[in-house]
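A closer look at the structure
Residue strings, one per chain:
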Amino acid sequence: MTTFSAAAETVDASPRASGWARAWNAAESRLAAIADRANPILVKETRQALKSRQFIITFLVVLLGCWIVSFVGIAVVGPQIYFAAAGPGMLAAYYTILIGPLTLIVPFTAFRSLAAEQEENTFDLLSITALGSRQIVTGKLTSSLVQMVVYLSAVSPCIAFTFLLRGVDAVTVAVLMIVAVLASVGLSMIALLVGAIARVRNSQVIISVALVLALAGACWGMWVVGIEIISSGSATFRDPEFLNVAVMLLAFYVATFGIIHAAAAAQVAFVSENRSTPLRWWMMGHQACLVGALGGLAVAVRSEDPVAPQLGNALMIIGCTFGAGYWYLMGSLMTGEWPHLSRRVQRSLPTSALGRPFFSLLNPGPGSGYLFAVANLSAIILFGLTAMILLDDGGNSGRPSTEQAVYFAIFAWSYVVAFLGFGCLIISVLRKWVFVPMTAAFLVHAVLFLAAIGVPTVIQMTSRELRNSGYTLWQITNPVWTLSELANKSQGVDNVQAGVLIYILPTAAIIALMFNMRAIGTELLLQRIPVPVRIVEDEAELKAATSRGPSSPWDVDDEDATPSTS
């Protein structure tokens, strides 16, 4: 009877056991698939970082610092801890311990992870793998995020302990941690970009010292920001205006992070790859953030003061100032690109009737980059004109006036178009005799800009008649003096003789644009070339070979692993 009952229990348990086994095998297979899909760079860098002596020492120092602060802080507060607001002081001490590794150790480790590839001559081996440039940069960045999570896990119990004390609420702690994490991620991305640029071994020491000093300054700045967040309290963070500003700053952060990530990926990518289009997409994201910020500022000011004088004129000047500076900087980099497209890039050119007019400006090349900068700056000018028409009440009182704003927009556009156009012409002439990389092209633009400012200033300052004359037409090539004189003085239009400049500056800009139209047209008229048959056959073979065998001895099927008894 006992034997029969035991056999019955075994029969009832076997389906249950097999069900648990099938569920466990399914979960294990899914976890294995996730591990296989994980970035190999993430796995390699995480293993190396977590086993390094630097990480172990830093982690132990963080734990020891938290332990000392906990015991010493409680001992100093004493019995008052039951009724005194000791939370802010303890939170500031824990934040001081945390912000050091997040803004110093983690970013510098990310820099060294990419710079070491250059020192150990393993970067070429890494670049010929199946991993793309974005995957390489993302894998190293994700490794930094893993280290950051480890440091946060060490300090987070102590921070949660401060929440139990008086004087600290959940909103303050959440804002503090979000700011610290975003700062660490952003600094790590910047460090990766610096590591990708530092390819010459002799200059890596200087770059490393400069990066450490910059990270130390960022650490100090983030510590000041954190202490201000703790002292201000949560009432500030519940204000709707704070939420609007936070959303705006977050949008700028995402756009800046994206363009830095694309720039780092472009530095480690092959020369034949299309490295410009992702950057230009993110530049348009920056432009959208600028326009959105100005629009939000206009709505906020108008809601507080419905009759705000000359609001549209002020937005016009602010938008043109930031837009002209940004697109001159980006245009100086884009016009330094190599004018000849590789066959790989030509195979990805747009072919549709709708895509060619709109997406050809995103293609690599100095001509398309120049026109791309001019088009985006023109869009900002149009937005400023629209804001000026819709927001101003039509009165002439106040400053800046409508006349000042219109002249400012025209002159800013003219300066950017002229400087970029003539700089692009100089670079194209130099490339007929020597090789001009992007760095040298950027220096050409910088020298041209500084010469346009310095030469007339030196001439006027060394002249006895003109030294004390203020602004004169000698400064017509000086955009800084001209635009500041126009916008900041009540008689700025008369001081800069805008009636004369309105004929000279736009004419110079149009001349520069016309001289570059041949190169622009050559780049925009490029046609997509067909993919070679050999590449099509190779890709077909790779797609056909998608069946995977066992990656370890434990992946063998049970039927194959069980010996037959027959």
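To start, this report covers the structure provided alongside it. (Residues numbered from 1 in each chain as written. Predicted model: local features only at pLDDT ≥ 70, side-chain atom pairs only at ≥ 80, totals over all residues. Heavy atoms only, no water.)

This brings us to the overall build of the chain. Check the secondary structure of the chain and you find 22 helices and zero strands. Counting across all 566 residues of the chain, residues that qualify as buried make up 40%. For the chain, contacts bridging at least 24 residues in sequence account for 83% of all contacts bridging at least 6. When the accessible area of the chain is evaluated, it comes to approximately 31,600 Å², of which 69% is carbon and sulfur surface. (Helix = DSSP H or I, 4+ residues; strand = E, 2+ residues; numbered from the N terminus. Buried < 20%, exposed > 50% of the residue type's maximum accessible area, 1.4 Å probe, protein only. Contact = heavy atoms within 4.5 Å. Areas by Shrake-Rupley, 256 points an atom, 1.4 Å probe, with all protein chains shown as cover.)

Below, the discussion takes up the nonpolar core. With 67 residues, the main nonpolar core has Met 283, Trp 327, Tyr 370 and Phe 411 as its most contacted residues. The dominant element in this core, judged by the number of residues it contributes, is helix 15 (residues 402-430), at 12 residues. Once residues within four sequence positions are removed from consideration, Phe 411 is found in contact with Leu 483, Leu 486, Ala 498, Leu 501, Ile 502 and Leu 505. Counting 36 residues, the second-largest nonpolar core is a separate cluster that includes Met 90, Ala 92, Tyr 151 and Ala 183. (Core = buried A, V, L, I, M, F, W, Y, C linked by side-chain atoms within 4.5 Å.)

Glancing now at the packing of aromatic side chains. Under the definition given, this model contains 16 aromatic pairs. Plain terms: the ring middles of Trp 67 and Phe 71 are 4.9 Å apart, the flat faces sit at 50° to each other, and that makes the pair tilted. Pair noted here: Trp 67 and Phe 71 are both in helix 3 (residues 53-77), with a separation of four residues, about one helical turn. Centre to centre, the rings of Phe 108 and Phe 111 are 5.7 Å apart; their planes meet at 40°, and the pair counts as tilted. Linking Phe 108 with Phe 111, this pair stays in helix 4 (residues 87-119), spanning three residues, or about one helical turn. The exposure class of Phe 108 is partly exposed, given its relative accessible area of 26%. Judged by its relative accessible area of 0%, Phe 111 falls in the buried class. Here Arg 280 stacks its cationic end above the ring of Phe 372, 5.9 Å away from the centre of that ring. (Phe/Tyr/Trp six-rings, centres within 6.5 Å; stacked < 30°, edge-to-face > 60°. Lys NZ or Arg CZ within 6 Å of the ring centre and 35° of its normal.)

Turning our eyes to something else, we now look at the pattern of salt bridges. All chains considered together, the criterion is met by one salt bridge. The salt bridge involving Glu 337 is made with Arg 280; its shortest N-O contact spans 2.9 Å. Here Glu 337 is found in the loop between helix 11 (311-334) and helix 12 (343-346), whereas its partner Arg 280 is found in helix 10 (residues 277-304), with 57 residues between them in sequence. Taking the relative accessible area as the measure of exposure, Arg 280 reaches 0% and is therefore buried. (Salt bridge = Lys/Arg side-chain N within 4 Å of Asp/Glu carboxyl O.)

A word on the side chain of Gln 475. In this structure, Gln 475 sits in the loop between helix 16 (438-461) and helix 17 (479-488). The class of Gln 475 is buried, set by a relative accessible area of 0%. Among all residues touching Gln 475, those that are not within four sequence positions of it are Tyr 415, Pro 456, Thr 457, Gln 460, Trp 481 and Thr 482.

Phi angles above zero are rare outside glycine, and Gln 497 is one such case at about 55°. Locating Gln 497 in the fold gives a position in the loop between helix 18 (492-495) and helix 19 (498-515).

It is worth spelling out the side chain of His 286 at this point. Here His 286 is to be found in helix 10. Overall, His 286 belongs to the buried group, its relative accessible area being 12%. With residues up to four places along the chain from it excluded, the contact list for His 286 reads Phe 252, Ala 255, Thr 256, Ile 259 and Tyr 326.

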